Amino acid sequence: MSSTRYDVRGRTAVITLDYPPINGIGAALRQDLMDALERALADADAKAIVVTGTERAFSGGADVKEFGTPNASREPRVQVLIAAFENSPKPVVAAISGVCMGGGLELAMGAHYRVARSDAQIALPEVKLGLLPGAGGTQRLPRAVGLETALNMIVSGAIVPAAKLKGTALFDEVTDGDPVAAAIALAEKVVSQNMPLKRLRDVKVKDPQAEAFLQFARNNVGAMAGPYPAPLRCVEAVASSVSKPFDEGVRLEREAFVTLMASPESRALRHVFAAERAAGKIANLPEGTPLREIRKVGVIGAGTMGGGITMNFLNAGIPVVLLEMKQDALDKGLATIRRNYENSAKKGKLTAQQVEQRMALVAPTVEDYGPFADADLVIEAVFENMEVKEQVFRKLDAVCKPGAILASNTSYLDIDKIASFTKRPADVLGLHFFSPANVMRLLEVVRGAKTSPDVLATAMALARKIRKVAVVAGVCDGFIGNRMIARYGAAAQGLISAGALPQQIDGALQKFGLAMGPFRMGDLAGLDIGWATRKRRAAEAGVPMKPIVADKLCEAGRFGQKTGAGWYRYEAGKRDPIPDPLTEQLIAQYRAANGITPRKVSDEEIVERCIYALVNEGARILEQGIAARASDIDLVYLNGYGFPAYRGGPMLYADTVGLPNVVRALRRFAAEPGADPSWQPAPLLLQLAEAGKTFN
Ligand code: NAD
């Protein structure tokens with residue numbers, strides 16, 4: 001079936017791109033479009049050509065799935081196609097609705113005239129994938145909208161409504177009506193009045209301040225781009241549109257595109273883009289699984305997590321019943337929610353009226369489960385303790401209507417056990433938010449053994465509605481993220497024992513790109529949480545706890561930022577970590593008590609041990625089916641743990657380093673005297689490394 005339609009209206013051939021969902025310009029569409037153009041050129045009834053898309057999309061741009069495949073360069077390449085339209089002897093008018101981005105906008109800029117609906121979304125977003133527009137976009141856009149606007153659009157990738165670009169040479173007409181009808185009328189006029197076939201390539205970029213502006217842009221963009229090479233490459237390409245002939249500019253643009261395509265940063269960003277799409281595909285969950293409607297939500301516990309979780313639903317306009325044990329805890333929780341909203345209002349992100357509208361959606365209640373009777377979803381965020389969870393789920397089972405979804409925000413506990421406290425385990429799952437829950441994008445959706453497909457599908461759809469990146473995890477201690485971070489934390493503890501200090505370890509990992517090293521993160525989250533978990537695990541295993549330095553800190557009342565000291569000390573009201581001789585003393589005592597002579601630890605070793613510990617546990621999580629794919633694990637670390645996007649997540653990083661290299665390092669660590677057995681490379685990792693394969 002062709003991805004384009006062809007019909008002649010009056011004297012105008014109308015070529016319509018119709019390749020759902022967004023007219024991605026892949027090899028098939030390019031060929032169909034070229035065929036349609038040739039047909040129009042040969043059609044004696046057609047004196048002009050209108051090229052258009054659907055109402056939803058003129059075109060969203062290149063077909064990202066084709067990147068790196070032979071199809072990407074199959075003829076006709078997009079540049080060839082654009083040139084064919086631009087050089088058409090019959091006038092070509094583009095009629096634009098919906099999204100017109102990337103290659104789609106580049107194609108439209110090959111037309112002689114353009115008509116857009118005022119709300120069409122115009123962008124060259126390639127920079128967001130670590131690239132630049134590679135089909136003349138950096139050369140034609142400045143010629144159409146001027147240097148400054150073009151540069152801003154290309155460096156930011158931001159979407160601009162067509163109405164805002166009215167009056168530039170990008171659009172001959174911006175309309176609130178039907179752009180196709182307007183384009184046909186314009187085509188008719190061009191033919192009857194013998195108007196010129198305007199080509200953007202023939203325009204000169206006129207800007208008397210060009211050099212000064214470009215220098216300003218280089219300085220600013222260079223400072224803001226961080227590790228990413230693409231933004232500065234965008235500036236240089238746009239600069240060529242001023243200083244070089246069109247064809248030379250296009251050649252330089254192409255060179256930069258090819259270089260960026262091969263850069264690890266772009267590879268990582270494209271991986272993340274694909275990973276977010278893949279995460280929604282779930283085994284044994286057929287597309288079109290019916291969803292349950294979520295019109296009213298209950299949240300139990302108004303502490304750190306319950307408050308943030310509540311805000312997600314208020315923001316989406318969904319009313320929430322918020323339950324606490326005691327009035328003062330409830331008041332405190334509500335006050336925090338209000339303060340967060342008022343802070344947003346102060347920054348101009350919300351109006352005072354919106355703050356009140358959101359607060360009006362929350363119905364507080366103390367110990368009364370009655371209002372949960374007609375809730376469609378209840379999320380429990382009480383203390384991390386199985387007995388407390390049991391009480392809560394037994395009560396929920398008694399009051400909630402049939403079909404209500406019952407969720408726990410537990411960080412580690414067994415969802416199947418929690419489900420067993422109810423007579424409806426198929427309606428139970430984990431919804432594991434990350435702190436602060438109103439800010440962090442990650443949501444681990446924990447699928448219990450009995451969770452029904454429609455409950456899972458509903459949770460995934462709801463996640464989209466509250467703008468979360470949802471990843472499905474199986475049941476195990478800590479699910480994906482916290483199970484891996486436990487190994488990472490243990491690696492960091494091992495480095496402390498060996499001779500490093502918290503500030504060195506944090507420094508090395510922050511230089512690697514993590515938002516925060518493990519000790520700063522511990523101080524922020526509260527060291528008491530891990531302490532309680534270690535005590536629980538020791539008790540469950542029936543063995544005495546072997547104290548580590550963190551336990552000594554907790555015994556001394558140092559729980560982190562909230563007590564003014566943890567691994568670091570903090571000055572009142574400030575969050576800057578200050579290295580503390582007292583911590584060093586505790587570490588020295590610990591080493592002495594365990595007969596350890598400290599050695600020098602390199603930054604490289606710190607990164608290897610901590611990151612490979614994540615990778616190795618990630619491999620186990622994969623082989624046990626706790627995560628469905630390596631890219632899901634990457635999403636968890638990117639969105640929940642501050643892993644740098646330009647490295648694409650721990651699993652992609654391992655692929656980039658080369659799995660055999662990761663295996664060699666792990667074997668070295670495992671062979672050390674007294675090494676923890678978890679350093680043994682996971683079977684899946686060994687298997688992939690030996691087969692010359694990668695995780696992704
Ligand atoms: P918190 O101590 O800040 O809040 C818990 C709240 O629950 C308290 O306000 C308490 O009064 C209330 N509560 C306790 N028992 C209750 C009951 N029976 N009925 C009603 N209210 C009750 O704890 P938190 O950090 O918000 O953690 C809550 C849950 O979220 C835990 O399971 C935790 O593991 C999980 N979690 C925490 C984080 C985090 O970073 N803090 C992240 C993800 C998940």
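Here the structure is shown first, and the text comes after it.
Residues numbered from 1 in each chain as written. Predicted model: local features only at pLDDT ≥ 70, side-chain atom pairs only at ≥ 80, totals over all residues. Heavy atoms only, no water.

(A) Spotlight on the packing of helix α4 (residues 137-145) against helix α8 (residues 230-243). The N-to-C vectors of α4 and α8 enclose an angle of 60 degrees; their axes lie 8 Å apart at closest approach. On the basis of the axis angle, α4 is oblique to α8. Handedness of the crossing formed by α4 with α8: right-handed. Across the interface between the two elements, Thr138, Gln139, Pro142 and Arg143 of α4 pack against Ala237, Val238, Ser240 and Ser241 of α8. Of the residues that constitute the contact of α4 with α8, the class distribution is 3 nonpolar, 4 polar and 1 charged. (Axes fitted to C-alpha atoms, helices over the stretch in contact; angles between N-to-C directions. Helix = DSSP H or I, 4+ residues; strand = E, 2+ residues; numbered from the N terminus. Parallel < 35°, antiparallel > 145°, perpendicular 65-115°, else oblique. Left-handed = near helix turned anticlockwise from the far one by under 90°. Contact = heavy atoms within 4.5 Å. Nonpolar A, V, L, I, M, F, W, Y, C, P; charged D, E, K, R; others polar.)

(B) Fine view of the sheet that holds strand β1 (residues 4-9). Read across the sheet, 6 strands follow the order β1-β2-β3-β5-β7-β10 without closing on themselves; strand pairing throughout is mixed. Two strands bound the open sheet, and with one partner strand each, they are β1 and β10 (173-175). Strand-to-strand twist of the sheet, defined as the mean angle between neighbouring strand axes without regard to direction, takes the value 20 degrees. Pairing of strand β2 (residues 12-17) with strand β3 (residues 48-52) involves 5 bridges; the strand directions are parallel. Considered in β3, the bridge of threonine 16 is made with threonine 52. Against the sheet, helix α1 (residues 27-42) touches β1, β2 and β3, its axis set at about 20 degrees to β1. (Pairing = 2+ DSSP bridges.)

(C) Region of the structure containing the pairing of β1. Judged from the 6 bridges that link them, β1 and β2 form a sheet pairing that is antiparallel. Residue pairing for β2: tyrosine 6 is matched across the bridge by isoleucine 15. Connecting the antiparallel pair β1 and β2 is a turn made up of 2 residues, with glycine 10 showing a positive phi of about 65 degrees.

(D) Structural view of the site of the ligand. Taken together, 22 residues are adjacent to the ligand, and Met305, Glu324, Glu384, Lys389 and Ser411 come closest. Within the contact set of the ligand, an oxygen atom lies 2.5 Å away from a side-chain nitrogen or oxygen of glutamate 384. Note that an oxygen atom of the ligand is positioned 2.7 Å from one of the side-chain N or O atoms of lysine 389. Contact with the protein chains covers 82% of the free accessible surface of the ligand, which is 830 Å². When contributions to the shell around the ligand are tallied by element, the ones reaching two or more residues are α11 (304-315), β12 (320-324), α14 (386-399) and β16 (428-433). Ranked by residue count, the leading element in the shell around the ligand is α14, at 3 residues. Tallied by class, the residues present in the shell around the ligand amount to 10 nonpolar, 8 polar and 4 charged. (Near = heavy atom within 4 Å. Polar contact = N/O pair within 3.5 Å; in protein donor to acceptor, adjacent residues only side chain to side chain. Areas by Shrake-Rupley, 256 points an atom, 1.4 Å probe, with all protein chains shown as cover.)

(E) Representation of the pattern of salt bridges within the structure. The full count for this structure, using the stated rule, is 46 salt bridges. Arginine 483 is paired through a salt bridge with glutamate 617; the nearest N and O atoms lie 2.8 Å apart. With arginine 483 in helix α17 (residues 481-498) and glutamate 617 in helix α23 (residues 603-623), this residue pair connects regions lying 134 residues apart in the sequence. A salt bridge links aspartate 676 to arginine 487, with the nearest nitrogen and oxygen atoms 4.0 Å apart. Note that aspartate 676 is positioned in the loop between α26 (659-670) and α27 (683-690) and arginine 487 in helix α17, a separation of 189 residues in sequence. The exposure class assigned to aspartate 676 is partly exposed, which follows from its relative accessible area of 38%. If you follow the salt bridges from partner to partner, you end up with Asp477, Arg536, Arg537 and Glu540 in one network. (Salt bridge = Lys/Arg side-chain N within 4 Å of Asp/Glu carboxyl O. Buried < 20%, exposed > 50% of the residue type's maximum accessible area, 1.4 Å probe, protein only.)

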